[in-house]
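# Observations on the model geometry
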Amino acid sequence: MATEDPRTLRLQAPLTDEVVRDLRAGDEVWLDGTVWGVRDASLIRFFDEGRRPEGADFRGAIFIHTAPSVRMEGERYVPVSVGTTTSMRMDRFTRGCLEDLGARAIIGKGGLSVDSLQHFADLGGVYLSITGGAASWETLQIEEIEEVLWEDLMPECLWKFRVKSFGPLFVTMDAHGTSTYEQVRAHTQDHLAAAYALLDD
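Residues numbered from 1 in each chain as written. Predicted model: local features only at pLDDT ≥ 70, side-chain atom pairs only at ≥ 80, totals over all residues. Heavy atoms only, no water.

This part covers the overall build of the protein. Summing up its helical and strand segments, the protein has 6 helices and 9 strands in all. Going through the 201 residues of the protein one by one, you find that 48% of them count as buried. In the protein, the share of contacts with a sequence separation of at least 24, taken over all contacts with a separation of at least 6, comes to 65%. For the protein, the computed accessible surface area is about 10,000 Å², with 50% contributed by carbon and sulfur atoms. (Helix = DSSP H or I, 4+ residues; strand = E, 2+ residues; numbered from the N terminus. Buried < 20%, exposed > 50% of the residue type's maximum accessible area, 1.4 Å probe, protein only. Contact = heavy atoms within 4.5 Å. Areas by Shrake-Rupley, 256 points an atom, 1.4 Å probe, with all protein chains shown as cover.)

Next up, the structure:
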């Protein structure tokens, strides 16, 4: 079950194992610090091609599923729209993100599978949901694009964002085996069965 009294928490990225293990489904989270933007192409390079960017440290990292729209100002990238994409098609990379890279949180839309939920429990990780359609709001919370790696994958390269008061995010899959997606799915099935029973009367 999700915690009976969800909390509102201000967290600093990167995250420690202790902080991640303390989070419960239902908690509201606001982030300061570093968030790494990843997408299909960069994750394929990590895990299918086995490559790692030199000098990047992902221990305790927070990944966000995004391929942002940006513009150049001088020699720097400036965010135009940093929207979050649906996570499920990147589900197969969850274990690698946690175990191989050391990430501890993934931000996205729509949730991940029960396999990923088990990985979060086994390795210590959480899924943080963000409101769909909130790209303009998210973008304002990005203070700077500090680094862009694997630019040849543009826009699905690795983006190092510095964020402040990034949120609201909601813990919807935690390290204790709780998924609000599974809870909603079960609740919906119960209502559906009750509706069918009424039709049979």
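Position of E146 among the secondary structure elements: in strand 8 (residues 142-149). Through-space distance from the C-alpha of E146 to that of V78 is 9.7 Å; in sequence the pair is 68 residues apart. Ignoring sequence-local partners within four residues, the contact set of E146 consists of T34, K160 and R162. One polar contact links E146 to R162, side chain to side chain, over a distance of 3.0 Å. (Polar contact = N/O pair within 3.5 Å; in protein donor to acceptor, adjacent residues only side chain to side chain.)

This part covers the pattern of salt bridges. Close approach of charged atoms lets side chains of opposite charge pair. By the definition in use, this model includes 17 salt bridges. The partner of R7 in a salt bridge is D22, and the shortest N-O contact between them spans 2.9 Å. Within this pair, whereas R7 is found in the segment before strand 1 (8-13), its partner D22 is found in helix 1 (residues 17-22), the two being separated by 15 residues in sequence. D40 is the salt-bridge partner of R89, the closest N and O atoms lying 3.0 Å from each other. (Salt bridge = Lys/Arg side-chain N within 4 Å of Asp/Glu carboxyl O.)

Taken together, the buried positions of helix 2 (residues 40-47) are D40, S42, L43, R45 and F46. Check the buried side of helix 2 and you find it contacts strand 2 (28-38), strand 3 (62-65), helix 3 (94-99) and strand 9 (158-173).

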